[in-house]
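A structural walkthrough
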Amino acid sequence: GRVLRIARKSAKAVYRASDRDGGEQAGAPDDEGAARRPGRFLGRGGHERIRGRAMSNKMWGGRFASGPAAIMAEINASIDVDRRLFRQDIAASKAHAEMLAKQGIISVKDGKAITRGLDAVLAEIESGQFAFKRELEDIHMNVEARLHELIGPAAGRLHTARSRNDQVATDFKLWVRDTIDDIDGLLAAYQRALAEKALANAATIMPGFTHLQVAQPVTFGHHLLAYVEMAGRDRGRFADARTRLNESPLGAAALAGTSFPLDRTMTARKLGFARPAANSLDAVADRDFVLETLAAAAITAVHLSRFAEEIVIWTSPLVGFLALSDAFTTGSSIMPQKRNPDAAELVRAKTGRITGALDALLMVMKGLPLAYQKDMQEDKEAAIDALSGLSLCITAMTGMVADMQPDAARMEAAAAQGYATATDLADWLVRELDMPFREAHHVTGRIVAAAEKHGVTLDALPLAEAQAIEPRIGPEALRMLSVHNAVKTRKSLGGTAPKNVRAQAKRWLKKLRAK
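Another aspect to go through is the nonpolar core. Phe172, Tyr190, Leu294, Phe307, Leu390 and Met397 are the most contacted members of the largest nonpolar core, which has 71 residues in total. Take this core: its biggest share by element is 14 residues, from helix 10 (residues 288-314). The contact partners of leucine 390, leaving out residues within four places of it in the chain, are Ile183, Phe238, Ala297, Thr300, Ala301, Leu304 and Ile354.

Turning our attention to the pattern of salt bridges. By the definition in use, this model includes 25 salt bridges. In this structure, aspartate 119 and lysine 94 form a salt bridge, with 2.7 Å as the shortest nitrogen-oxygen distance. Residue aspartate 119 is located in helix 4 (residues 108-127), and its partner lysine 94 is located in helix 3 (residues 86-102); the two are separated by 25 residues in the primary sequence. Its relative accessible area of 33% is what places aspartate 119 among the partly exposed residues. On the basis of relative accessibility, which here comes to 24%, the residue lysine 94 falls in the partly exposed class. Between arginine 164 and aspartate 138 there is a salt bridge, and its shortest N-O distance comes to 2.7 Å. Placement of arginine 164 in helix 6 (residues 164-200) and of aspartate 138 in the loop between helix 4 and helix 5 (139-151) is noted, with a sequence separation of 26 residues between them. This pair shows no difference in class: arginine 164 is buried, exactly as aspartate 138 is. Each of the salt bridges in this network shares a partner with another, and the network as a whole consists of Glu74, Asp80 and Arg134.

Here strand 4 (residues 205-210) runs beside strand 5 (residues 213-219); their pairing, made up of six bridges, is antiparallel. Across the sheet, residue methionine 206 finds its bridge partner in strand 5, namely valine 218. The turn joining strand 4 and strand 5, which pair antiparallel and follow one another in sequence, is formed by two residues; a positive phi near 60° is taken by histidine 211.

Looking now at the layout of surface pockets. Empty space among the atoms becomes visible once a probe the size of a water molecule is rolled across them. Considering only enclosed or pocket space, the second largest pocket measures out at about 340 Å³ in volume. Residue lining of the second largest pocket: 19 residues in total, with Phe209, Leu212, Ile313, Trp314 and Phe321 positioned closest to the centre. Split into classes, the residues belonging to the lining of the second largest pocket amount to 11 nonpolar, five polar and three charged.

With respect to the helices and strands, alanine 422 occurs in helix 14 (residues 422-433). Its relative accessible area of 17% is what places alanine 422 among the buried residues. Setting aside anything within four residues of it in sequence, one finds alanine 422 in contact with Thr444, Val448 and Leu458.

Together, Ile71, Met72 and Ile75 give the surface a local cluster of nonpolar side chains, amounting to about 340 Å² of exposed area. Tracing the chain through its elements places methionine 72 in helix 1 (residues 70-76). By relative accessible area, methionine 72 is classed as partly exposed at 40%.

Rules behind the numbers
Residues numbered from 1 in each chain as written. Predicted model: local features only at pLDDT ≥ 70, side-chain atom pairs only at ≥ 80, totals over all residues. Heavy atoms only, no water. Core = buried A, V, L, I, M, F, W, Y, C linked by side-chain atoms within 4.5 Å. Buried < 20%, exposed > 50% of the residue type's maximum accessible area, 1.4 Å probe, protein only. Helix = DSSP H or I, 4+ residues; strand = E, 2+ residues; numbered from the N terminus. Contact = heavy atoms within 4.5 Å. Salt bridge = Lys/Arg side-chain N within 4 Å of Asp/Glu carboxyl O. Pairing = 2+ DSSP bridges. 1 Å grid on protein atoms, 1.4 Å probe; cavity = no way out; pocket = protein on both sides within 12 Å on 5 of 7 lines; lining within 4 Å. Points joined across faces, edges and corners; volume = space filled by probe spheres on them. Nonpolar A, V, L, I, M, F, W, Y, C, P; charged D, E, K, R; others polar. Patch = residues over 30% accessible without salt bridge, like charges linked within 9 Å, V, L, I, M, F, W, Y side chains within 5 Å. Areas by Shrake-Rupley, 256 points an atom, 1.4 Å probe, with all protein chains shown as cover.

Functional significance is not addressed by these values, which are geometric in nature.
Here is the structure:
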């Protein structure tokens, strides 16, 4: 299951000005009647303003005599993005409250009240009844403010021994971890679709390409299994990222830890982490877990984009290797005959956004001294968009794989073009005549030129023409140059022989069913 979490906020400041942790401790929202008092009104984004300035936020504003400018409040708010973390925020807060009560830092009574209140907040959000407020800046303050409305002053004890710095790092780690698990499931489904299609097309011959030129005959099943392998490595990268991120920042507080007797191992276990993060500075300053996940996402997106490009090419009437049904194509507003592979084109395009998110966060992090900096608030929007976009792309590609129908006759005809079995002739010269490969390569090149001159395929070249170039060539050499024979003989490990493809597809399907 997914984990969640929440922050808190009371109607009065939780800490005296002298007890502040530099702006990271949470406080409370302004009361609901404030907007109706004389001289007060809500500015853009819902910030309460007096004479053009927003009022000080009671979560952190004890030191401030007046509030920030409306534009400052506007740029500072992140609730439009981090509201996505509500489940993780509430889960982490429940774990924190339970630990505080167990350690005697807050009373058991308050701990239970906080837990009940957080469950109520979660239910409101999930049912769509929760009113997010931009003037409360972020998900932490929004949840805590509502918690205070539900349970009163006890809500203000939730933030004891915690900063928004370790809170947001914990929330986002939990969200990324949940998302990695979701993506892994989507990639597994994509692999199954590919392996099933590969098994059905283990002997469907098509041209293999290098430089987008016909190179050697392969099977369509073999081609699809290449993407199964890529997706397997993608899953491995996500799994590696998940393993490294699985340390809990919770309890690191603002940056230096806390004087309260926390049990960080307890909260880590409650939230499914392997262990607490060992260094409090690193715990709140680290965004490696986002970068590494985005790197895995970028590589995955590139793999999807490569296949999407092939789908776009292969569904063109000029090529005609594949057909997609109405389910994965669209029409034209002016040309009635068109059937456009828009799903594949959009997968190809979204790769730019996904790789761009990685570049953007690298630039955010590159110049930041320890520990937390507000710059790091920019870690979420692009990352959430990228990972959500990747999930959409994987799902779309899985659908297209199941939907696509190959034109076997057209594929085989294309495989016979371009003298794709020339390498087979060179191999025969090496194997049967003990000719050095470089010499065999040269001889075969001259025979290809002769076939091209006569306008025939290699297996249709008159034997006399071939023997004029290499007298020892017999009729059996030309007979084995059909595309069927070419793929049948590629039996080396990882080769395209239909027998190999069937075995590999079955191996993958068995492996995927076992997980």
